[in-house]
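These are the residues of each chain, in order.
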Amino acid sequence: MEIIVTTAILVCVALAVYLLYINGYIPVQAKRALIFVGSMGGGRKQCSAEFEVATGTIQRVIRFREPGTVTFRFAGNITKGSVSAFVLDRKRKVLLRLDSECPTGKVYMEMKDRCYLVIKLEKANGDYLIRWD
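Residues numbered from 1 in each chain as written. Predicted model: local features only at pLDDT ≥ 70, side-chain atom pairs only at ≥ 80, totals over all residues. Heavy atoms only, no water.

Student: I tried to follow the state of the cysteines on my own but got confused; where do I start?
Tutor: Simply put, disulfide is the name for a covalent bond between the sulfur atoms of two cysteines. Counted by the stated rule, this structure contains zero disulfides. Free of any disulfide, Cys-47 has its nearest neighbouring cysteine sulfur in Cys-115, separated by 11 Å. Residue Cys-115 is classed as buried on the basis of its relative accessible area of 0%. (Disulfide = S-S within 2.5 Å. Buried < 20%, exposed > 50% of the residue type's maximum accessible area, 1.4 Å probe, protein only.)

Student: Whenever I open this one, the packing of aromatic side chains confuses me. Can you help?
Tutor: Ring pairs (aromatic) are described by centroid distance and by the angle formed between their planes. Evaluation of the coordinates by the stated rule reveals three aromatic pairs. Measuring from ring centre to ring centre gives 6.0 Å for Phe-36 and Phe-51, while their planes differ by 20 degrees; the resulting arrangement is stacked. Here Phe-51 lies in strand S3 (residues 46-64) and Phe-36 lies in strand S2 (residues 35-39), a separation of 15 residues in the sequence. Within the aromatic cluster, the residues linked to one another by ring pairs are Phe-36, Phe-51 and Tyr-128. Sitting over the ring of Phe-36, Lys-31 keeps its end group 4.3 Å from the ring centre. Stacked on the ring of Phe-86, the Lys or Arg Lys-120 has its end atom at 5.6 Å from the ring centre. (Phe/Tyr/Trp six-rings, centres within 6.5 Å; stacked < 30°, edge-to-face > 60°. Helix = DSSP H or I, 4+ residues; strand = E, 2+ residues; numbered from the N terminus. Lys NZ or Arg CZ within 6 Å of the ring centre and 35° of its normal.)

Student: What is the right way to read the pattern of salt bridges from this model?
Tutor: Oppositely charged side chains can pair when the atoms bearing their charge come close. Scanning all chains against the criterion turns up three salt bridges. Between Asp-133 and Arg-73 there is a salt bridge whose closest N-O contact spans 3.5 Å. Here Asp-133 is found in the segment after strand S7 (113-132), whereas its partner Arg-73 is found in strand S4 (residues 68-88), with 60 residues between them in sequence. For the salt bridge of Asp-99 with Arg-97, the shortest nitrogen-to-oxygen distance reads 3.6 Å. (Salt bridge = Lys/Arg side-chain N within 4 Å of Asp/Glu carboxyl O.)

What follows is the structure, given as structure tokens:
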């Protein structure tokens, strides 16, 4: 009986984490860094981080309730290494790439659609801010 209760609790926790992720409340991170402080604030229409010697990826879901063109803006002060942000569709096809050389881009999103924002860090020092409207 204890095994059934434990399994049920684990399934409920896994389901809750998945629902939070798929609705854009929590990111999935696979990174290593000497220092990393990140934020998803601003009414969930921005994400930012400050870091030292960071390598890896951060992925989060962005949901759209209304159709329209969305403008993404990347601002970063990268002193070493590189940071790139990718906007992917549901099928993980790259719609847009943002970095210091190409800091803005637009994507048309369908109603009740979602996309993935993937940030790739490669031995990077500095900070970034990504906003969308």
